[in-house]
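Spelled out from the first residue to the last, the chains are:
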Amino acid sequence: MARTGKTQNASPAADANGLDHLQQAYEADRLYAASDDELLHFYEQMVLIRRFEERAGQLYGLGLIGGFCHLYIGQEAVAVGIQSALQEGHDSVITGYRDHGHMLAYGIDPKVIMAELTGREAGISRGKGGSMHMFSTSHKFYGGHGIVGAQVSLGAGLAFSHQYNEDGGLCVSYFGDGAANQGQVYESFNMAALWKLPIIFVVENNQYAMGTAVKRSSAETHFHKRGAAFTIPGMNVNGNDVLEVRAAANLAVEYVRAGNGPVLMELNTYRYRGHSMSDPAKYRSREEVQDMRDHHDPIEGAKAELIKRGVSEDKLKEIDKKIRQIVSESADFAESSPEPELSELYTDVLVETY
Amino acid sequence: MAIELKMPALSPTMEEGKLARWLVKEGDEVKSGDILAEIETDKATMEFEAVDEGTIGKIVVPEGTEGVKVGTVIATIGEGDVEGSAPAAAAPAAAPAPAPKAEAPAAAPKAPAKPEIPHGTNMKTSTVREALRDAMAEEMRRDPRVFVMGEEVAQYQGAYKVTQGLLEEFGPKRVIDTPITEYGFAGIGTGAAMGGLRPIVEFMTFNFAMQAIDHIINSAAKTNYMSGGQMRCPVVFRGPNGAASRVGAQHSQNYGPWYANVPGLIVIAPYDASDAKGLLKAAIRSEDPVVFLENELIYGRSFELPELDDHVLPIGKARVMREGKDVTIVSYSIGVGLALEAAETLAAEGIDAEVIDLRTLRPLDKETVLASLKKTNRIVVAEEGWPTCSIASEIAAIAMEDGFDDLDAPVVRVCNEDVPLPYANNLEKAALIDASRIVAGVKKVTYR
């Protein structure tokens, strides 16, 4: 299966100060030994994210989704691989505004996500959050944050609450290569390492912070090395292969859950679409995108592996069909649900009455 | 000629202290750098060093003396020493400390019945600082989810000693020193609240919270709404706010109007010890994010505090501090003391002023303000803060929109001058509100 991530960032992992032990373990055994059923499940989840996002793009084009809408197409293996290593409903997850994929990978109902995108009463935030602001406390999915980098400090706070409650849980905080240049990220690294907070910092390096390529924005483009100043071990992971992501995530989860403090994972991936729906993506060539699609696509990679293992094309077609059905139903649901009552304007500003 | 050693001001707001211990005796030779005495303030115990060489002449103030005013001569050095080295005695010698306005215990004449505190409740004297500390300690005993984090809150016992003793009682798990990293730890506190804890995030002053204001507003205040009511954020951000004393523009700002502008936040700015304690306890118990604005200059003031097992006051209710019939003075935080002082002056001139302490800035208790306006028909707002887009402006708008027919004169705003706060003593005084300006404002609306 597709094994080579975009090589732009291929460098020896964080090597200084013995912070590369997790990386060494990952390089020694990069492929998670998934059963056929597990790999089929990963495939199904990745296909769900892709079809869901394609549909969201269509609904946006029809004017049914407004504002900002950031699609996760191309990055599916990251959320699916990492979420699969977590204890659902026990470990906390927080991310930025490109949040649909993480929610789907965490098992949240596509209908209420799509209905939130269309701003309907049945949306997961009752139509008051939109694409960038979605939460599911029952899944311990804490958003969905629109301010670039905020989820890193907030995630450290969630990790703090796990440590304080001694519940054995951990937090995964996802952020992009753009957010990785925010000051509060490093403030959080410092405190997380100082207090040994149970948190995995995941940089989803999709190579572009909006329209700015990593090398134009970042003095140190190897983000996994950026924890070194805080003694945080780094991992440099191929984010386009779900089995590699899962193998790396297992190592990080084990290390963090044992009480060793944070890990910084860099997941090298790629987004096929623009930064948001309104981005024509003129800052990169069509060829570059096509090359990623043709040679590094996470879904095609998983598919090839499944076929190699002897899973029939029919079985995969069946999954594709099922997913199309689910996405279709979620879109119908999102289009047909009513908008929120006008009285909802004034609810949930405060919890209590004073 | 003898050099006079004077009681030093060891902090910008120190007015008096205790001469805890002399480490020298009369006749001892001392040289520059020797420690002469230990001086205790309500914030800390400090060592007092010699600046000049010589022989200790007379010890004027014996050890153990409390309430020694800054600038008092406490000893003399080197009788008959070189002339001319005169008063350069001790360290930050006799800084012309802020006019000690012996405001404690604040007189609240004609105080109306306080239904919030049952009749017959025993009262004790407490500083605002102690009241705040007790509020936190009581809530930490009551709820294991409550913890305190901030710069110097634990081992140092609080930059302004508000968290004194908490580390000892609750340990380092619940009283947490943070690095100097406001944006980061405000985010961690907010995230911990989202994760189900009850954080109290102390800012050394709210001036530094500007580094963190994104989390206070975008993360804490808006999330419950954006999540359709799913995600609560019961965090308290607290610390001193407003002008302190001679600390310059960057350390002297009132953020009350900033935070009061934001839906989703509760904003509290108490004046006396009872309200500080009762409202901080309510803030910690609230399911909503609270910005709790204290004032460094009133930390050390003493007030009556009810001796109740659980003194919790309602958020969102103003308090009539003094009843009157001729004019309403609306204020909050440190302005309340000045308003009460002004009311006394006015009483002597035959003007009977009602003084209202808003206590909570958001949600604002319009009813109490409008009821008072209905009675007095005149409003002056006294606010230690800039006038533009202020709480005073808001009160003026409320009076106009909802009480227009009750107004016999335009609302007058008595605020600080519209300039960054200067350092020079005279300029600083000129920039800040005081009782005489409030008196002048009242005369304007009463046409006197």
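Rules used in this analysis
- Residues numbered from 1 in each chain as written.
- Chains lettered and ligands numbered in written order.
- Predicted model: local features only at pLDDT ≥ 70, side-chain atom pairs only at ≥ 80, totals over all residues.
- Heavy atoms only, no water.
- Helix = DSSP H or I, 4+ residues; strand = E, 2+ residues; numbered from the N terminus.
- Rg over C-alpha atoms; globule rule 2.2 N^0.38 Å.
- Buried < 20%, exposed > 50% of the residue type's maximum accessible area, 1.4 Å probe, protein only.
- Phe/Tyr/Trp six-rings, centres within 6.5 Å; stacked < 30°, edge-to-face > 60°.
- Contact = heavy atoms within 4.5 Å.
- Buried area = accessible area lost by both parts, 1.4 Å probe.
- Salt bridge = Lys/Arg side-chain N within 4 Å of Asp/Glu carboxyl O.
- Polar contact = N/O pair within 3.5 Å; in protein donor to acceptor, adjacent residues only side chain to side chain.
- Nonpolar A, V, L, I, M, F, W, Y, C, P; charged D, E, K, R; others polar.
- Axes fitted to C-alpha atoms, helices over the stretch in contact; angles between N-to-C directions.
- Parallel < 35°, antiparallel > 145°, perpendicular 65-115°, else oblique.
- Left-handed = near helix turned anticlockwise from the far one by under 90°.
- Pairing = 2+ DSSP bridges.
- Core = buried A, V, L, I, M, F, W, Y, C linked by side-chain atoms within 4.5 Å.
- Right-handed = clockwise from strand over helix to strand, strands pointing away.

Undergrad: Could you clarify how one ought to interpret the overall build of chain A in this entry?
TA: Looking only at helices and strands, chain A features twelve helices and eight strands. Computed over the C-alpha atoms, the radius of gyration of chain A is 20 Å, within 12% of the 20 Å expected from 2.2 N^0.38 for a compact globule of 354 residues. For chain A, the C-alpha atoms occupy an extent of roughly 60 × 60 × 40 Å along the three principal directions. Counting over 354 residues, chain A shows a buried share of 60%.

Undergrad: Help me out: how do you make sense of the packing of aromatic side chains in this one?
TA: By convention here, two paired aromatic rings are described through the distance between centres and the angle between planes. Scanning all chains against the criterion turns up 18 aromatic pairs over all chains. Both rings, one in Tyr164(A) and one in Phe147(B), keep their centres 5.4 Å apart while their planes meet at 40 degrees; by these two values the pair is tilted. Taken as a pair, Tyr164(A) in helix α6 (residues 150–165) and Phe147(B) in strand β10 (residues 146–150) lie in two separate chains rather than in one. Here the two residues Tyr164(A) and Phe147(B) agree in accessibility, since each one is buried.

Undergrad: Hey, could you run me through the interface of chain A and chain B in this one?
TA: Buried accessible area, meaning the area lost when the parts come together, often serves as the stated size of an interface. Counting from both sides, the interface comprises 38 residues of chain A and, opposite them, 49 residues of chain B. Across the chain A to chain B interface the summed buried area is about 3600 Å²; carbon plus sulfur atoms make up 65%. Contact with chain B buries surface across chain A, with Tyr164(A), Val351(A) and Tyr354(A) losing the most and accounting together for 21% of the total. Counting across the interface, chain A meets chain B through one salt bridge. Salt-bridge contacts for Glu166(A) lead to Lys173(B); the nearest nitrogen and oxygen are separated by 3.3 Å. Between chain A and chain B we count 22 residue pairs in polar contact (both at pLDDT 80 or more) in total. Elements supplying a minimum of two residues to the side of chain A that touches chain B: α6 and α7 (183–194) of chain A. At ten residues, α6(A) tops the list of elements feeding residues into the side of chain A that touches chain B. A per-class count over the side of chain A that touches chain B returns 18 nonpolar, 13 polar and seven charged.

Undergrad: Can you help me understand the packing of helix α1 (residues 128–142) of chain B against helix α7 (residues 273–285) of chain B in this one?
TA: A pair of packed helices is captured by two measures, namely the crossing angle of their axes and the spacing between those axes. All names here are of chain B. Their axes nearest at 8 Å, the elements α1 and α7 cross at an angle of 30 degrees. By the angle between their axes, α1 is roughly parallel relative to α7. Seen along the crossing, α1 lies across α7 with a hand that is right-handed. Contacts between α1 and α7 pair Val 128, Ala 131, Leu 132, Asp 134, Ala 135, Met 136, Glu 138, Glu 139 and Arg 142 from the former with Ala 273, Ala 276, Lys 277, Leu 280, Lys 281, Ile 284 and Arg 285 from the latter. When grouped by side-chain class, the residues that make up the contact of α1 with α7 number nine nonpolar, no polar and seven charged.

Undergrad: What's the story with the environment of Ala28(A) in this structure? I'm lost.
TA: Residues and elements named next belong to chain A. Tracing the backbone shows Ala 28 in helix α1 (residues 21–28). When its relative accessible area of 68% is taken as the criterion, Ala 28 is described as exposed. Separated by 288 residues in sequence, Ala 28 and Leu 316 have C-alpha atoms that sit 31 Å apart.

Undergrad: What's the story with the sheet that holds strand β17 (residues 319–322) of chain B in this structure? I'm lost.
TA: Each strand in a sheet pairs with another by means of backbone hydrogen bonds, the pair being arranged parallel or else antiparallel. Residue and element names in this part refer to chain B. The mixed open sheet is built from five strands, whose spatial order is β17-β19-β18-β21-β22. In the strand order of this sheet, the two ends are held by β17 and β22 (412–415), each with one partner. When the angles between neighbouring strand axes are averaged without regard to direction, this sheet yields 25 degrees. As judged from the five bridges shared by strand β18 (residues 327–331) and strand β19 (residues 353–357), these two strands associate in the parallel manner. Opposite Ile 329, over in β19, you have Val 355 as the bridge partner. Along the sheet face, helix α13 (residues 435–445) touches β18, β21 (379–383) and β22 and points at about 170 degrees away from the line of β22.

Undergrad: Is there a simple way to explain the side chain of Thr41(B) in this structure?
TA: By the element assignment, Thr41(B) lies in the loop between β4 (35–40) and β5 (45–49). Residue contacts for Thr41(B): discarding those within four places in its chain leaves Leu10(B) and Met14(B).

Undergrad: I'm lost on the nonpolar core in this one. Help?
TA: Most often, soluble globular proteins keep nonpolar side chains buried together rather than apart. Counting residues in each nonpolar core, the largest one holds 82 residues, and the members touching the most others are Phe160(A), Phe203(B), Phe237(B) and Tyr259(B). Top contributing element to this core by residue count: α6(A), with eight residues. If we skip the residues at most four places from it in the chain, Phe237(B) touches Ala186(B), Thr190(B), Val201(B), Phe203(B), Phe206(B), Ile216(B), Ala220(B), Val290(B), Val291(B) and Phe292(B). Cys69(A), Leu104(A), Val237(A) and Ala331(A) belong to the second largest nonpolar core, which has 77 residues in total.

Undergrad: Looking at this structure, I do not really get the pairing of β21(B). What am I missing?
TA: The side chains of a regular strand alternate between the sheet's two faces. All names here are of chain B. Most of β21 is tucked away: five of the five residues are buried. Examined bridge by bridge, β18 and β21 share four bridges and lie parallel to one another. Its bridge partner being in β21, Ile 329 is matched across the sheet by Val 380. Note that β21 and β22 share four bridges and pair parallel. Bridged to Glu 383 within β22 is Cys 415. Taken together, β21, helix α11 (residues 391–403) and β22 constitute a β-α-β crossover, and its handedness is right-handed.

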